[in-house]
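Chain by chain, the residues run as shown.
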Amino acid sequence: MSEVESNSAAAAAVLSDVEHLRDEARTARHAYWFPLMVFGILVTASAPLYVSPTIITESGSYGIEGQPNLGWLQQSFVGAPSPGLTALYWRGAVLGGTAITGLWSAWYRKVAGLATRVQASLWAWLGATIFLVVALPVLGRLFTTWPITVHGTVGLLVVAVGFWVLAYLERSGALTVTVIVYTAAAIFGAAGNPMNWVYRLLGAFGTANEDMPFWLDSAANVLLPGLVLLVGGIVAITSDLRNR
């Protein structure tokens, strides 16, 4: 083999190694499964807040009293059965999920030696939470915001903001698809009424009107988006393990 051919073979080998290392680094950096799982769990865990506390009986109805009243701070969640508790939960969930993701990102950077791209998403979640706490109630006094606050599930849209930033930075097709599907489910959960589809499905299987689970209220509004995030996280974990 001539010296030129030998050098070409060596250069090709180096390029192959570089490509392999770049692929490994890209795989290691794509760790978006963690925030998907964290926020998927937090969104799904909010479902009990949307189960109606009012129980209707033949002699009348009664509900759970003693719910906290946060005044204007719960204005964006007045559509929920317990606006005060729901407002506290969503603010705590988004801030808590942001903090957990930030701590995990710092730990992962030390272990893997690579920084993830979730930092911008953390700021986006913080900014969206501030908007939810301060700006949205003010806007509600000036404009009509009921299309996104009617069910008290506007927190779903706050979660979507951070994931859109993450999808933009990651340039991952799988994550982008997950975020698109989640956003559609979140908009449906915030402005639509998924429970109507549940009732229709149950009715199609012969459930009588008096046996319908009306006490579930708006639980389906958050369960569907939460399931999308969890499935997306599981798919991402599976893909990550397979690529390794």
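Visitor: Can you lay out the nonpolar core for me, pointing to particular residues and giving the numbers?
Guide: Residues Val43, Trp90, Val159, Phe163, Tyr182 and Leu229 are the most contacted members of the largest nonpolar core, which totals 35 residues. If you tally residues by element for this core, the top one is helix α6 (residues 155-170), at seven residues. When neighbours within four sequence positions are excluded, Phe163 is seen to be in contact with Pro35, Leu36, Phe39, Trp125, Val179 and Leu229. One finds Ala31, Phe34, Trp104 and Tyr108 within the second-largest nonpolar core, a separate group that totals five residues.

Visitor: I'd like a description of the side chain of Ser46, backed by residues and values.
Guide: Among the secondary structure elements, Ser46 is positioned in the loop between α2 (33-45) and β1 (55-57). On the accessibility criterion, Ser46 (0% relative accessible area) is buried.

Visitor: A description of unusual backbone geometry should follow, citing residues and the corresponding values.
Guide: Residues other than glycine seldom take positive phi values, yet Arg171 does so here, at roughly 55°. Looking at Arg171, the relative accessible area reads 59%, which means it is exposed.

Visitor: Provide a residue-level description of the side chain of Thr86, including the pertinent values.
Guide: Tracing the backbone through its elements, the reader meets Thr86 in helix α3 (residues 83-112). Look past the residues within four positions of Thr86 in its chain and what remains in contact with it is Leu49, Tyr50, Phe77, Ala80 and Gly152.

Visitor: Can you explain helix α7 (residues 173-191)? Please cite residues and give values.
Guide: Between its terminal C-alpha atoms α7 stretches 27 Å, which fits the 27 Å expected from 19 residues at 1.5 Å a residue. All of the buried residues in α7 are Leu175, Thr178, Val179, Tyr182, Thr183, Ala185, Ala186, Gly189 and Ala190.

Visitor: Just give me the short version of a nonpolar patch on the surface, but keep the residues and values in it.
Guide: Where nonpolar side chains cluster on the molecular surface, the patch consists of Phe188, Trp197 and Leu224 and spans about 300 Å² of accessible area. Tracing the backbone shows Leu224 in helix α9 (residues 219-243). Looking at Leu224, the relative accessible area reads 39%, which means it is partly exposed.

Visitor: So, the packing of α6 against α7: which residues are in play, and what are the values?
Guide: For the pair α6 and α7, the least separation of the axes is 10 Å and the interaxial angle reads 165°. It follows that α6 is roughly antiparallel to α7 by the angle criterion. Between α6 and α7 lies a crossing whose hand is left-handed. Contact with α6, carried on its side by Leu156, Leu157, Val159, Ala160, Phe163, Trp164, Leu166, Ala167 and Glu170, involves Leu175, Thr176, Val179, Ile180, Tyr182, Thr183, Ala186, Ile187, Gly189 and Ala190 of α7 and no other residues of that element. Of the residues that constitute the contact of α6 with α7, the class distribution is 15 nonpolar, three polar and one charged.

Visitor: Please provide a residue-by-residue account of the packing of aromatic side chains, values included.
Guide: A complete count under the given rule lists seven aromatic pairs for this structure. With 5.8 Å between their ring centres and 85° between their planes, Phe39 and Phe163 make a pair best called edge-to-face. Linking Phe39 in helix α2 with Phe163 in helix α6, this pair joins segments that are 124 residues apart in sequence. The residues Phe39 and Phe163 share a single accessibility class, namely buried.

Conventions and cut-offs
- Residues numbered from 1 in each chain as written.
- Predicted model: local features only at pLDDT ≥ 70, side-chain atom pairs only at ≥ 80, totals over all residues.
- Heavy atoms only, no water.
- Core = buried A, V, L, I, M, F, W, Y, C linked by side-chain atoms within 4.5 Å.
- Buried < 20%, exposed > 50% of the residue type's maximum accessible area, 1.4 Å probe, protein only.
- Helix = DSSP H or I, 4+ residues; strand = E, 2+ residues; numbered from the N terminus.
- Contact = heavy atoms within 4.5 Å.
- Expected span 1.5 Å × (residues − 1).
- Patch = residues over 30% accessible without salt bridge, like charges linked within 9 Å, V, L, I, M, F, W, Y side chains within 5 Å.
- Areas by Shrake-Rupley, 256 points an atom, 1.4 Å probe, with all protein chains shown as cover.
- Salt bridge = Lys/Arg side-chain N within 4 Å of Asp/Glu carboxyl O.
- Axes fitted to C-alpha atoms, helices over the stretch in contact; angles between N-to-C directions.
- Parallel < 35°, antiparallel > 145°, perpendicular 65-115°, else oblique.
- Left-handed = near helix turned anticlockwise from the far one by under 90°.
- Nonpolar A, V, L, I, M, F, W, Y, C, P; charged D, E, K, R; others polar.
- Phe/Tyr/Trp six-rings, centres within 6.5 Å; stacked < 30°, edge-to-face > 60°.

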